[in-house]
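Okay, here's what each chain looks like letter by letter:
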Amino acid sequence: MLRELFLATRPGNSAIAAIGVFVGFSVALNSIAFMQPLAFAMLAAILVTGAGNIINDYFDEKTDTRMWKKNFIAHGKISADSALLASALLFGAGIIISLYINSHALAIALGVSALLVIYSALMRQRKFIGNLVVALGTAMTLIYGASIAQSYGTIIFLAASAFFANVAREIIKDAQDIKGDLGEKKTLPMLIGFGEIKKIVLGLYALALGFSLAAWGIGLMTGIYFIILLAVSALLFANSYRLCAQKSFGAAQKYGKYGMIAALLAFIASVI
């Protein structure tokens, strides 16, 4: 069962959260540096993200059973009680570690943990609001990293870019899951037509790129590699939108994630 609990934390997503913390700290510091508070923050992000994934599986058990999605609780590999205990321990560990960084980090860890629980437990019938919560949680990994240096001026632009790109990905995911979510959740694709969904996704990707460009335009980000990687990000977002318009939602989500990774690399390239 320990193996299944580990996999239920979605180690890949947790690793991305840790990378987000590293990027946030590096951009805030305007240089690459490794120190103990950064290691603590990256570990805390892994723990809180893993806890959020487990608690989401706990509340999504019924839906995921119907859709045969990867959920170890739904398929009887993990008991519900074990999942709740593991999630609580991970949340607690992440918050305690944050206590040893500074008060800003502690406040962010507490806030994000609360949001992840509220999202999973209470927003099933308001999933269109939940999309904003999930995207905010992703963006907060960058701000959490910046909280180590307590410098937020530049990172706000990258966090905004990550927020809008991830809202787009969440909406695309809901469009893919619409049949399985019927009767269990209320999502944006259930409320409005697909034509409107396409417009919203396009607008969100445009906003994501716009905030990154704004950081360059006012001189916070510099260098040719920033522009090159941002152009790559734009192409990936464009392909994600194209695939979404063709209703290839799974591939659209992947390219949306790749586009966000390229944007993160652009910001890192600017501080190297």
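See the structure shown above.
Residues numbered from 1 in each chain as written. Predicted model: local features only at pLDDT ≥ 70, side-chain atom pairs only at ≥ 80, totals over all residues. Heavy atoms only, no water.

Engineer: Which parts of the structure should I look at to understand the packing of helix α12 (residues 224-245) against helix α13 (residues 249-271)?
Structural biologist: Helix-helix packing is described using two parameters, namely the angle between the two axes and the distance between the axes. Following both chains from N to C, one finds α12 and α13 inclined at 170°, their axes separated by 8 Å at the closest point. In terms of axis orientation, α12 runs roughly antiparallel to α13. (Axes fitted to C-alpha atoms, helices over the stretch in contact; angles between N-to-C directions. Helix = DSSP H or I, 4+ residues; strand = E, 2+ residues; numbered from the N terminus. Parallel < 35°, antiparallel > 145°, perpendicular 65-115°, else oblique.)

Engineer: What should I look at first to understand the nonpolar core in this one?
Structural biologist: Note that soluble globular proteins tend to have their nonpolar side chains buried in a common cluster. Counting 75 residues, the largest nonpolar core has L142, Y144, L158 and V201 as its most contacted members. With 14 residues, helix α8 (residues 155-176) is the largest single contributor of residues to this core. (Core = buried A, V, L, I, M, F, W, Y, C linked by side-chain atoms within 4.5 Å. Buried < 20%, exposed > 50% of the residue type's maximum accessible area, 1.4 Å probe, protein only.)

Engineer: Hey, could you run me through the packing of aromatic side chains in this one?
Structural biologist: The geometry of two aromatic rings is summed up by the distance between their centres and the angle between their planes. Tallied over the full model, the rule gives eight aromatic pairs. Ring centres 5.2 Å apart and planes at 75° place the aromatic pair F163 and F164 in the edge-to-face group. Take F164: its relative accessible area is 18%, and that puts it in the buried class. Their ring planes at 80° and their centres at 6.0 Å tell us that F194 and F249 sit as a pair that is edge-to-face. (Phe/Tyr/Trp six-rings, centres within 6.5 Å; stacked < 30°, edge-to-face > 60°.)

Engineer: Help me out: how do you make sense of the pattern of salt bridges in this one?
Structural biologist: Any two side chains of opposite charge can pair if their charged atoms end up close together. Following the criterion strictly, the structure yields three salt bridges and no others. Here D177 makes a salt bridge to K173, at a shortest N to O gap of 3.3 Å. With a relative accessible area of 7%, D177 lands in the buried category. A salt bridge links E196 to K199, with the shortest nitrogen-to-oxygen separation between them at 3.4 Å. Taken as a pair, E196 and K199 lie in helix α11 (residues 194-217) at a separation of three residues, close to a single helical turn. (Salt bridge = Lys/Arg side-chain N within 4 Å of Asp/Glu carboxyl O.)

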